[in-house]
Every structure is written in C-alpha cells, then in structure tokens.
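Results of the structural survey
As a plain string of letters, each chain reads:
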Amino acid sequence: MNRYLAVANSYKKLVTDEQGSLRITRIYASQTPAQWLEPMADLAASLLAEKDFNLVRECEHPECTLWFFDRTKAHRRRWCSMALCGNRAKVARFRQQQK
C-alpha cells in the first residue's frame, strides 16, 4: 500500500457543491496503473489508521460479497445498499409472509 501511496500525484482543490457550499476535494493524476489505484490505497490507509475497523461490516444478503463502513448513528446497518440488497431482503420477507 505504501508503494501506491508513494507514487501518488494529487492535490487539493476548492470546489462548490450542489448547495453552493465550499468544500475541499482531492484530485488524483491517473496516467499510470499505479496512479489509478492510489485513491483506493489512500482510502484504505485512512480506514486502517484513523477509523474504527469494528464498523466495517459484511452485507447480510446471502448472495452479496460486499463490505461497507457503517456510518449510521446507531451502527446497526445491515446491507451494503438499501436499493439493492435491502430491497431484495424486504421483498423476500414480504413474499414469505404472503404464503
């Protein structure tokens, strides 16, 4: 991971969001394969060093292989996405109740 972080060619940029608020975003160069992987290495390093790794969870849908970082207030998130896996689980439970 340090190798990917070492080849990083990035800078911070001041941008406005949809509401007109200012925020800082990081712009990454993407000319080599290593530079394409640098944003992921940056986020992974941040997760390992600065975040509570206990909040990394596996999606509860049996066919899903994704993991997610639970940022909810109660830390009870169950699915990687409510639109996909959460909806599938709710539809399956509804169909089971209708039988």
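A short tour of the structure in this document, coming up. If you're wondering where the values come from, they're calculated on a predicted model, not measured in any experiment.

Before going further, it helps to examine the pairing of strand S2 (residues 22-28). Residues in a regular strand point their side chains to alternate faces of the sheet. Sheet topology places strand S1 (residues 10-16) next to S2; seven bridges connect them, and they run antiparallel. Bridge pairing in S2 places Tyr11 opposite Ile27.

Turning to the side chain of Glu38, a few remarks are in order. For Glu38, the location among the structural elements is in helix H2 (residues 33-50). No salt bridge is formed by the buried Glu38; its nearest oppositely charged neighbour, Arg26, is found at 6.7 Å. Residues in contact with Glu38, not counting those within four places in the same chain, are Tyr4, Leu5, Ala8 and Tyr28.

Attention now goes to the side chain of Asp70. The topology assignment puts Asp70 in the loop between strand S4 (67-69) and helix H3 (82-98). Judged by its relative accessible area of 0%, Asp70 falls in the buried class. Excluding its chain neighbours within four sequence positions, the residues that come into contact with Asp70 are Leu55, Arg57, His75, Arg76 and Arg77.

A few words on H2. Helix length check: H2 (18 residues) gives 26 Å between terminal C-alpha atoms against 26 Å at 1.5 Å per residue, within 8%. For H2, the principal kink sits at Pro39 and spans about 35°. Along H2, the positions that sit buried rather than exposed are Gln35, Glu38 and Ala41. Tucked inside the fold, the buried residues of H2 contact helix H1 (2-6) and S2.

Attention now goes to unusual backbone geometry. Phi at His75 takes a positive value of approximately 55°, unusual for a residue other than glycine. Take His75: it is sitting in the loop between S4 and H3.

Let's shift gears to the nonpolar core. With six residues, the main nonpolar core is built from Cys59, Cys64, Phe68, Trp79, Cys80 and Cys85. Not counting residues within four places of it along the chain, the set of residues in contact with Trp79 comprises Cys59, Glu60, His61, Phe68, Cys85, Gly86 and Ala89.

Conventions and cut-offs
Residues numbered from 1 in each chain as written. Predicted model: local features only at pLDDT ≥ 70, side-chain atom pairs only at ≥ 80, totals over all residues. Heavy atoms only, no water. Pairing = 2+ DSSP bridges. Helix = DSSP H or I, 4+ residues; strand = E, 2+ residues; numbered from the N terminus. Buried < 20%, exposed > 50% of the residue type's maximum accessible area, 1.4 Å probe, protein only. Lys, Arg positive; Asp, Glu negative; His and termini not counted. Salt bridge = Lys/Arg side-chain N within 4 Å of Asp/Glu carboxyl O. Contact = heavy atoms within 4.5 Å. Expected span 1.5 Å × (residues − 1). Bend = angle between axes of the 7 residues up to and from the residue. Core = buried A, V, L, I, M, F, W, Y, C linked by side-chain atoms within 4.5 Å.

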